[in-house]
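Structural overview
What follows is each chain in one-letter form.
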Amino acid sequence: MPSYLVAGASRGIGLEYVLQLAKRADAVVIALVRNPTKSTHLTSAIAGLKNVHVVAGDVTDYRTLELASKQVGEITGGKLDYLIHNAANLDMSTFFKGFDDYTDVEQLDSDFIDAFKVNSLGPVHSIRAFLPLLRASSTKKIVVIGTAGALPEFARFIDVSGTAAYTMTKAAGLLATTKYAVQLKDEGFVVVSLNPGLVNTLATAVNDSALLRVDSDFC
Ligand SMILES: NC(=O)c1ccc[n+]([C@@H]2O[C@H](COP(=O)([O-])OP(=O)(O)OC[C@H]3O[C@@H](n4cnc5c(N)ncnc54)[C@H](OP(=O)(O)O)[C@@H]3O)[C@@H](O)[C@H]2O)c1
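Quick caveat, the model's predicted, so the values are computed rather than measured. (Residues numbered from 1 in each chain as written. Predicted model: local features only at pLDDT ≥ 70, side-chain atom pairs only at ≥ 80, totals over all residues. Heavy atoms only, no water.)

What follows is about the packing of helix H3 (residues 62-76) against helix H5 (residues 121-135). Where H3 contacts H5, the two axes come as close as 9 Å, and the packing angle between them is 30°. Compared by their axis directions, H3 and H5 come out roughly parallel. H3 and H5 meet at a crossing whose hand is right-handed. Note on element contacts: H5 touches H3 through His125, Ser126, Arg128, Ala129, Phe130 and Leu133, opposite Tyr62, Leu65, Ala68, Ser69, Val72 and Gly73. Across the contact of H3 with H5, the residue classes break down as seven nonpolar, four polar and one charged. (Axes fitted to C-alpha atoms, helices over the stretch in contact; angles between N-to-C directions. Helix = DSSP H or I, 4+ residues; strand = E, 2+ residues; numbered from the N terminus. Parallel < 35°, antiparallel > 145°, perpendicular 65-115°, else oblique. Left-handed = near helix turned anticlockwise from the far one by under 90°. Contact = heavy atoms within 4.5 Å. Nonpolar A, V, L, I, M, F, W, Y, C, P; charged D, E, K, R; others polar.)

This is how it looks when you write it as structure tokens:
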């Protein structure tokens, strides 16, 4: 039975991963969410699906991921085949800002550090916490969901200086993924970053009106 863990599975692309993977009758799918009771889109979407397990974990809080790893081991019998790290900070109150949109540099620092914790350290925390379970499997596959926005050439191509915190911190997350790919290759791991392209996640969005703007210009 292949086992999959999707980190950041409450809504959007992560939720869709859960639903599509759960269609495989033999799959065990773990939906890692930071707040199970508030993950209402996930709860209603997986009602009746017996091969989906919801586990709590915040990718900025390593202790919660250690607890999650224990729970996942109990569900899967001590291994994990695929880790899909999808969680990201797309906080629409700050998402579109460029450096000069901040009058207060302390606010700039605070927003960038918040984004860094999720988008850059998040993948590091996830991979580190679930590595013992991944090592116990012969599959050894790790996917971190990236974005074209993390690439300097794309920023020049679309000629956009905004989305600075999101794209800078996703770029650091991409390099973290690459570092793990190098570190783990001799153990037989495949560690990749996948860019989903522009995906309309309005159906499960927290803030519809702001996300509508994403459709037109970014990601
Ligand atoms: N949509 C696009 O067009 C697009 C384009 C390129 C790349 N991407 C990438 O695709 C991925 C998913 O994007 P999306 O559009 O589906 O975003 P989304 O709808 O905003 O979903 C983000 C997910 O991450 C979770 N999350 C945020 N902070 C977390 C934390 N600290 N710990 C655990 N989970 C956390 C959220 O959970 P809560 O419900 O608890 O907030 C939510 O489930 C991201 O990595 C994004 O960078 C998206």
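Next, the rest of the story.
What holds strands together in a sheet is hydrogen bonding between their backbones, with the strands either parallel or antiparallel. One open sheet holds the six strands; their spatial order is S3-S2-S1-S4-S5-S6, and the pairing between them is parallel. Both outer strands of the open sheet, strand S3 (52-56) and strand S6 (190-194), are each paired with one neighbouring strand and no more. The average angle at which neighbouring strand axes cross in this sheet is 15°, direction not considered. Sheet topology places strand S5 (residues 141-145) next to S6; five bridges connect them, and they run parallel. In the sheet register, Ile142 faces S6, and the bridge partner there is Val191. Along the sheet face, helix H1 (residues 12-22) touches strand S1 (3-7), strand S2 (28-33), S3, strand S4 (82-85), S5 and S6 and points at about 165° away from the line of S1. (Pairing = 2+ DSSP bridges.)

Structurally, Lys141 can be placed in strand S5. For the pair formed by Lys141 and Lys50, sequence separation is 91 residues and the distance between their alpha carbons is 24 Å. Dropping the residues within four chain positions of it, Lys141 is found in contact with Asp81, Tyr82, Leu83, Leu134, Phe189 and Val190. Here Thr139 takes part through its backbone oxygen, which lies 3.4 Å from a polar atom of the side chain of Lys141. (Polar contact = N/O pair within 3.5 Å; in protein donor to acceptor, adjacent residues only side chain to side chain.)

Looking at the ligand, there are 27 residues lining it, with Ser10, Arg11, Arg34, Asp58 and Tyr166 nearest. Separating a nitrogen atom of the ligand from a backbone N or O atom of Val59 is a distance of 3.0 Å. Protein chains bury 93% of the 910 Å² of accessible surface belonging to the ligand in isolation. Elements with a contribution of two residues or more to the shell around the ligand: H1 and helix H7 (164-184). (Near = heavy atom within 4 Å. Areas by Shrake-Rupley, 256 points an atom, 1.4 Å probe, with all protein chains shown as cover.)

What follows covers the pattern of salt bridges. Inspection of the entire model under this criterion finds two salt bridges. Asp81 is the salt-bridge partner of Lys79, the closest N and O atoms lying 2.7 Å from each other. Take Asp81: its relative accessible area is 4%, and that puts it in the buried class. Arg135 is paired through a salt bridge with Glu187; the nearest N and O atoms lie 2.7 Å apart. (Salt bridge = Lys/Arg side-chain N within 4 Å of Asp/Glu carboxyl O. Buried < 20%, exposed > 50% of the residue type's maximum accessible area, 1.4 Å probe, protein only.)

Looking now at the environment of Leu198. For Leu198, the position within the fold is in the loop between S6 and helix H8 (208-217). Judged by relative accessible area, Leu198 falls into the partly exposed class, the value being 47%. In sequence terms Leu198 and Asp109 are 89 residues apart; their C-alpha atoms lie 28 Å from each other.

So, about the packing of aromatic side chains. According to the stated counting rule, one finds six aromatic pairs in the structure shown. Aromatic ring contacts, followed pair by pair, group Phe95, Phe96 and Tyr166 into a single cluster. Between Lys97 and the ring centre of Tyr102, over which it is positioned, the NZ or CZ distance is 4.6 Å. (Phe/Tyr/Trp six-rings, centres within 6.5 Å; stacked < 30°, edge-to-face > 60°. Lys NZ or Arg CZ within 6 Å of the ring centre and 35° of its normal.)

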